[in-house]
Amino acid sequence: MKKLAIIKTCVLLLIMVCVFNIRAQETDEDVNSLVNNQNKKGFHIGLYVGSYFANKYTANLYDGYGFDIDGNRNNFENSFMNQKIVYQYGGNASYSGLPDQIAQALSIGGLNINHTDWTFSESDMPTNMRYTPAFLIGLNTRYAVDTKNAILINVNAAKLTITGNFTIVTNQQSQSSQINDRIKTFAIRGGEQRLLMQFGYQHIFGDNEKINFIAEAGLNVTLAKFDKNEVLINSLKIDLISYNNTAYYATTGPVKKPIGFGYGLFGGVGANITMSPKWTIQLLYNPTYENIRIVANPKLKLQNSIGLRAYYML
């Protein structure tokens, strides 16, 4: 009887210990969950780093025609390239006393190109301008109203490069039997700055402790600025948008660099990864539907970016 009483007492004590442990674990989980949930709420500041893929719609702004002081597109005669290549660097009579630097640049590689041995006309102007992928970096913030929803304010910047080709036609060289050797192809480059300002909403889908799907959308404002335009003729680099204004050098007049604000929408989908109660990483694909107002009457076009965003809860 005593043994049975002892066994019953031990079983009862074991049951009480198990119940206590279970309740303690549940309490710890509730506390941890509360801490994590509280850590997800409030203001978060973050850094965005990614790649930006610009639509080629505005790339022709950098095709060497350029703009006058009022921001109007030049015709060929007044174009940046014609004024620079034919007149200023080409030894034209308007630039009295200057050598033909174009002929000198074309003579690199064993050729003997004289002042009258080359031509540049409207048919030689670039027609294949395009943007190259660029880095996109910015400061991103959000205010998490709860564990699922947040208000976004993002400011991202990109410095874009535009590339293309143009031609100069030379006279037939005595040592060459190929007519195509007369057509020389060279590079033209442009530069553009963009600042993307975004205000929107983000939602987290799922209840996984580590990784969940996210989506976001909102308004996008883009400040775009025409930055530079230049050509490379072998080793000769010509800045197309610089100008001279002295008695010795002729001038085509001041150049106005187009700049303007464009409006549109942005979206985003990706993965939200909780690294710790303080740190969150987001992998994102962000399309933007926007107009770039460095052209007259711009159309809404799709731009794309992919990147990584790291948030820290303040």
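Not measured: the values here are computed from a predicted model.

Colleague: I keep staring at the environment of P298 and nothing clicks. Help me out?
Modeller: Checked against the element boundaries, P298 lands in the loop between β10 (279-290) and β11 (301-313). C-alpha separation for the pair P298 and T58, spaced 240 residues apart in sequence, amounts to 8.6 Å. In contact with P298, not counting residues within four places along its chain, are Y57, N291, I292 and R293.

Colleague: Whenever I open this one, the nonpolar core confuses me. Can you help?
Modeller: Nonpolar side chains tend toward joint burial in soluble globular proteins. Counting 43 residues, the largest nonpolar core has M81, I102, W118, F120, F166, I168 and I233 as its most contacted members. Every element with two or more residues in this core is listed here: β1 (42-53), α2 (80-88), α3 (101-106), β4 (134-144), β5 (149-170), β6 (183-205), β7 (211-233) and β8 (236-239). With 5 residues, the top contributor of residues to this core is β5.

Colleague: Whenever I open this one, the environment of D146 confuses me. Can you help?
Modeller: By secondary structure assignment, the location of D146 is in the loop between β4 and β5. Accessibility expressed as a relative area gives 28% for D146, which makes it partly exposed. As a C-alpha pair, D146 and H203 span 57 residues in sequence and 10.0 Å in three-dimensional space. At 2.8 Å, the side chain of D146 and the backbone nitrogen of K148 are in polar contact. Within polar-contact distance, the side chain of D146 engages the backbone nitrogen of N149 at 2.7 Å.

Colleague: Is there a simple way to explain a nonpolar patch on the surface in this structure?
Modeller: On the surface, F43, I45, L139, Y143, V145, I151, I153, F199, Y201 and L314 cluster together into a nonpolar patch covering about 950 Å² of accessible area. When residues of the nonpolar patch are traced back to their parent elements, those giving at least two are β1, β4, β5 and β6. Turning to its location among the elements, I151 is positioned in strand β5.

Colleague: I keep staring at the pattern of salt bridges and nothing clicks. Help me out?
Modeller: Proximity of charged atoms lets side chains of opposite charge pair with each other. Per the counting criterion, the structure on display carries 5 salt bridges. Among the salt bridges present, the one from E230 reaches R189, with a minimum N-O distance of 2.5 Å. Of this pair, E230 sits in strand β7 while R189 sits in strand β6; the two residues are 41 residues apart in sequence, bridging distant segments of the chain. Note that E192 is salt-bridged to R194, the shortest N-O span being 2.5 Å. Considered together, E192 and R194 belong to a single accessibility category, that of buried residues.

Reading the values: rules and limits
- Residues numbered from 1 in each chain as written.
- Predicted model: local features only at pLDDT ≥ 70, side-chain atom pairs only at ≥ 80, totals over all residues.
- Heavy atoms only, no water.
- Helix = DSSP H or I, 4+ residues; strand = E, 2+ residues; numbered from the N terminus.
- Contact = heavy atoms within 4.5 Å.
- Core = buried A, V, L, I, M, F, W, Y, C linked by side-chain atoms within 4.5 Å.
- Buried < 20%, exposed > 50% of the residue type's maximum accessible area, 1.4 Å probe, protein only.
- Polar contact = N/O pair within 3.5 Å; in protein donor to acceptor, adjacent residues only side chain to side chain.
- Patch = residues over 30% accessible without salt bridge, like charges linked within 9 Å, V, L, I, M, F, W, Y side chains within 5 Å.
- Areas by Shrake-Rupley, 256 points an atom, 1.4 Å probe, with all protein chains shown as cover.
- Salt bridge = Lys/Arg side-chain N within 4 Å of Asp/Glu carboxyl O.

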